[in-house]
Amino acid sequence: MKIMITATGPDLDSPVDPRFGRGAYFVLVDTETRDHLAVSNAEGQDAGQGAGIQAAQKVAAAEAEALLTGHCGPKAHQVLSAAGIKVYNNVSGTVNDALESFLAGQLTAAHGPDVEGHWA
């Protein structure tokens, strides 16, 4: 299974970035092999608006089945849900901590956004 985790840096020891659309990186992790790939989100950080939607499209294009992040707004959540991607909010610690919590079944999928749009 592929999962995407928002991060402040490009590796598994980086802290989870609490911002989805404006997070610094997305780390795509294969839960079976633990192989990972970091993708910069520089364009999302600098976007005037639409950062969440663009980020959600990036997650869908990577064929991730789940997103682990701090917070996800309504427009991004709508795009992710439409793509069949489960969203897990309020995730913290490092990317590796988030991965371990996910694999241990300690995270609960969100039923909707947990912040209003344009959360910074």
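Our subject is the structure that appears above.
So, on to helix α3 (residues 74–82). Taken as a whole, α3 has its buried residues at A76, H77 and L80. Seen along its axis, α3 keeps its buried residues to an arc of 100°; they face one direction. Turned more than 90 degrees away from the buried face of α3 sit K75, Q78 and A82, all of them exposed. Of the surrounding secondary structure, the elements contacted by the buried residues of α3 are α2 (51–61), β4 (66–68) and β5 (86–88). Two residues or fewer after α3 comes G84, characterised by a positive phi angle close to 80°.

The next point concerns the environment of K86. Checked against the element boundaries, K86 lands in strand β5. Separated by 20 residues in the primary sequence, K86 and A66 place their C-alpha atoms 4.6 Å from one another. Setting aside anything within four residues of it in sequence, one finds K86 in contact with E65, A66 and L67.

For the rest of this paragraph, the subject is the nonpolar core. In this structure, M4, F20, V59, L67, C72 and L80 are the most contacted members of the largest nonpolar core, which totals 15 residues. Elements represented by at least two residues in this core include exactly β2 (25–30), α2 and α3. Ranked by the residues each element gives to this core, the list is headed by α2, at 3 residues. Excluding its chain neighbours within four sequence positions, the residues that come into contact with M4 are F26, V27, L28, K58, V59, A62, A64, A66, L67 and L68. In this structure, V29, Y88, L99 and F102 belong to the second largest nonpolar core, which totals 14 residues.

Here S14 lies in the loop between β1 (2–7) and β2. Residue classification places S14 among the buried positions, given a relative accessible area of 6%. A distance of 3.0 Å separates a polar atom in the side chain of S14 from a polar atom in the side chain of D11. For S14, the residues in contact, after removing those within four places along its chain, are A7, T8, G9, G93, T94 and V95.

This next bit is on the pairing of strand β3 (residues 36–40). Where β2 meets β3, 5 bridges bridge the pair, whose relative direction is antiparallel. Note that in β3 the partner of V29 across the bridge is H36. Between the end of β2 and the start of β3, which pair antiparallel, lie 5 residues, with R34 showing a positive phi angle near 70°.

Let us now look at the environment of E65. Counting through the fold element by element, E65 comes out in the loop between α2 and β4. Residue classification places E65 among the partly exposed positions, given a relative accessible area of 42%. In contact with E65, other than residues within four places in its own chain, are M1, K2, G84, I85 and K86.

What follows concerns α2. Every buried residue of α2 is accounted for by A51, A55, A56 and V59. Each buried residue of α2 sits inside an arc of 130° when the element is viewed along its axis, so together they form one side. Following α2 by one or two positions, E63 adopts a phi angle in the positive range, close to 60°.

About the criteria used
- Residues numbered from 1 in each chain as written.
- Predicted model: local features only at pLDDT ≥ 70, side-chain atom pairs only at ≥ 80, totals over all residues.
- Heavy atoms only, no water.
- Buried < 20%, exposed > 50% of the residue type's maximum accessible area, 1.4 Å probe, protein only.
- Helix = DSSP H or I, 4+ residues; strand = E, 2+ residues; numbered from the N terminus.
- Arc of directions from axis to C-beta.
- Contact = heavy atoms within 4.5 Å.
- Core = buried A, V, L, I, M, F, W, Y, C linked by side-chain atoms within 4.5 Å.
- Polar contact = N/O pair within 3.5 Å; in protein donor to acceptor, adjacent residues only side chain to side chain.
- Pairing = 2+ DSSP bridges.

Structural measurements only, silent on function.
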